[in-house]
Every structure is written in structure tokens, then in C-alpha cells.
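Commentary on secondary and tertiary structure
Below, each chain spelled out in residue letters.
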Amino acid sequence: MSGGLRPLTAFDLPILEHLHADSFPEDPWSAGSFGKLLALPGVHGLLTQASQRPLGFLLWRRAADEAEVLTLCVQPAARRRGLAASLLRAGMASLKRCGTQRLFLEVAEDNLAARELYKSLRFCEVGRRSGYYRRSRGPKIDALLLEISLKDD
Ligand SMILES: CC(C)(COP(=O)(O)OP(=O)(O)OC[C@H]1O[C@@H](n2cnc3c(N)ncnc32)[C@H](O)[C@@H]1OP(=O)(O)O)[C@@H](O)C(=O)NCCC(=O)NCCS
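Procedures and definitions
- Residues numbered from 1 in each chain as written.
- Predicted model: local features only at pLDDT ≥ 70, side-chain atom pairs only at ≥ 80, totals over all residues.
- Heavy atoms only, no water.
- Near = heavy atom within 4 Å.
- Polar contact = N/O pair within 3.5 Å; in protein donor to acceptor, adjacent residues only side chain to side chain.
- Areas by Shrake-Rupley, 256 points an atom, 1.4 Å probe, with all protein chains shown as cover.
- Helix = DSSP H or I, 4+ residues; strand = E, 2+ residues; numbered from the N terminus.
- Expected span 1.5 Å × (residues − 1).
- Salt bridge = Lys/Arg side-chain N within 4 Å of Asp/Glu carboxyl O.
- Contact = heavy atoms within 4.5 Å.
- Buried < 20%, exposed > 50% of the residue type's maximum accessible area, 1.4 Å probe, protein only.
- Core = buried A, V, L, I, M, F, W, Y, C linked by side-chain atoms within 4.5 Å.

Moving on, we come to the site of the ligand. L72, R80, G82, A85 and N111 are the nearest of the 21 residues found near the ligand. Contacts to the ligand include R81, whose backbone N or O atom sits 3.3 Å from an oxygen atom. Here A84 contributes a backbone N or O atom positioned 3.0 Å from an oxygen atom of the ligand. Contact with the protein chains removes 74% of the 920 Å² of surface that the ligand exposes when unbound. Going through the elements one at a time, β4 (66–74), α3 (83–97), β5 (102–108) and α4 (112–120) are the ones with two or more residues in the shell around the ligand.

Below, the structure written as C-alpha cells:
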């Protein structure tokens, strides 16, 4: 398969490290930390690629009937092409098939691109952690806790 989405595997760890560092330069996660996460029960993810070039990924953890997004990123040059939305839609469909009822995530209040993305998918704000994110410069930023129901209406 040269394009589209595929499940993450342990062979993808260097790719995940590279993609994550490009999107989160202030808090990059190592290949080793991705390896530990992917070895945990309930942790799965999807990679999006074009012409076999990795462009972004979504990682989540499922426990009982709930799940949380652990991280999501798309290469800067590949943004605004609907890749993150398709990763989230496919992830939610996969979670729904496993009987998951709710998906949660945290987003920094100043991350307007991500907040617009989640709003477009109808996530709702259900909480706030004051001063949760520390930046190298400037004030601490609140984390917003968002939720979406995966139950059939
Ligand atoms: C947030 C992020 C994952 C979005 O990825 P993306 O592939 O560009 O998002 P999509 O193209 O799927 O966007 C879908 C919708 O989200 C909204 N959106 C996405 N980026 C936006 C931006 N920069 N400004 C405004 N709205 C935006 C729009 O409604 C967009 O639909 P449209 O393009 O038709 O207007 C990407 O910007 C990223 O990797 N950022 C750095 C890492 C990060 O912040 N991850 C999320 C942590 S919670």
C-alpha cells in the first residue's frame, strides 16, 4: 500500500520519533518512549502516508469502555489536507467497533489549530486543568479536556 492509513507497529518507532519532533519541538518523545507505550495493553495507533512517505499519526489508549488520545501530529508541510481529521475518524471507528463509548483528549488552550480540528469533529469541552502546560517562554497554559461520545444516537 503506497498511501492512506495503516496501523502502527513496533517497526515504526523511528518514524514516530521523527514526526513527533517536527510537530512538538519543545517536548519531543523518543523512539524508546513510543516503544514502551505501544507495548502497553490497549495502546494502538494509525499512520497516514502518501507514496510510502509517513506524514502523521494518531496514538490512543483504550481501557474498558473509554479511550484517550495520547498524541496526534501531521507534518507541517502536509497540514490542512484533512489528514488529522481522517486519522481521528478512522481511530474513532476502530474504537467504536471494540465497544468504546467515549473518547477523551487534552489540548492546550493556545493550540488554536487543534481546537478548531476537534470542534469540527464535534468534541465537547468537559474540563480544564489550570496551568497544565509549561512553555519554554511565557505563562503556563491551561489544558482543556475534550470528550466525544462514540455511542450510536
Ligand atoms: C492540529 C493538527 C494535528 C491538524 O492537522 P491537519 O492535518 O492540518 O488537520 P486537518 O487538515 O485534518 O484539519 C481539519 C479541520 O480542522 C481545522 N483546522 C486544522 N488546522 C487548522 C488551523 N491551522 N487553523 C484553523 N483551523 C484548522 C479546520 O476546520 C480543518 O478543516 P478545513 O481545512 O476544511 O478548514 C496539526 O496542525 C498538527 O500536527 N499540529 C501540531 C501538533 C498538535 O498540536 N497536535 C494536537 C495536540 S492536542
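Having seen the model, we can carry on.
Quick look at α3 now. Taking 1.5 Å per residue as the helical rise, α3 with its 15 residues ought to reach 21 Å, and the 21 Å between its terminal C-alpha atoms agrees with that figure. G99, located one to two residues past α3, shows a positive phi value of around 90 degrees.

Let's shift gears to the pattern of salt bridges. One pass over the full model with this rule turns up nine salt bridges. When salt bridges with common partners are traced through the structure, they connect E109, R128 and D142 into a single cluster.

Structurally, G35 is set in helix α2 (residues 31–38). When the C-alpha positions of G35 and G91 are compared, they lie 19 Å apart, and in sequence the two are 56 residues distant.

Considering the arrangement of structural elements, one finds Q75 in the loop between β4 and α3. Apart from residues no more than four positions distant in its own chain, Q75 is found in contact with L19, D22, P54 and L55.

A few words on unusual backbone geometry. The backbone of S51 shows a phi angle near 50 degrees, a positive value even though the residue is not glycine. Tracing the backbone through its elements, the reader meets S51 in the loop between β2 (43–50) and β3 (53–63). Look at S51 and you get exposed, because its relative accessible area is 66%. One non-glycine residue, R80, lies in positive phi territory at about 60 degrees. We classify R80 as exposed; its relative accessible area is 85%.

Within the largest apolar cluster, 28 residues are counted, with the highest numbers of intra-cluster contacts made by L72, L88, L103, L117, Y118 and F123. Those elements that place two or more of their residues in this core are β3, β4, α3, β5, α4 and β7 (141–149). The element best represented in this core is α3, accounting for seven residues. Once residues lying within four places of it in the same chain are set aside, the contact partners of L103 are A67, E68, V69, M92, L95, F123, L146, E147, I148 and L150. Listed in part, the 13 residues of the second largest apolar core include L38, V43, L47 and C73.

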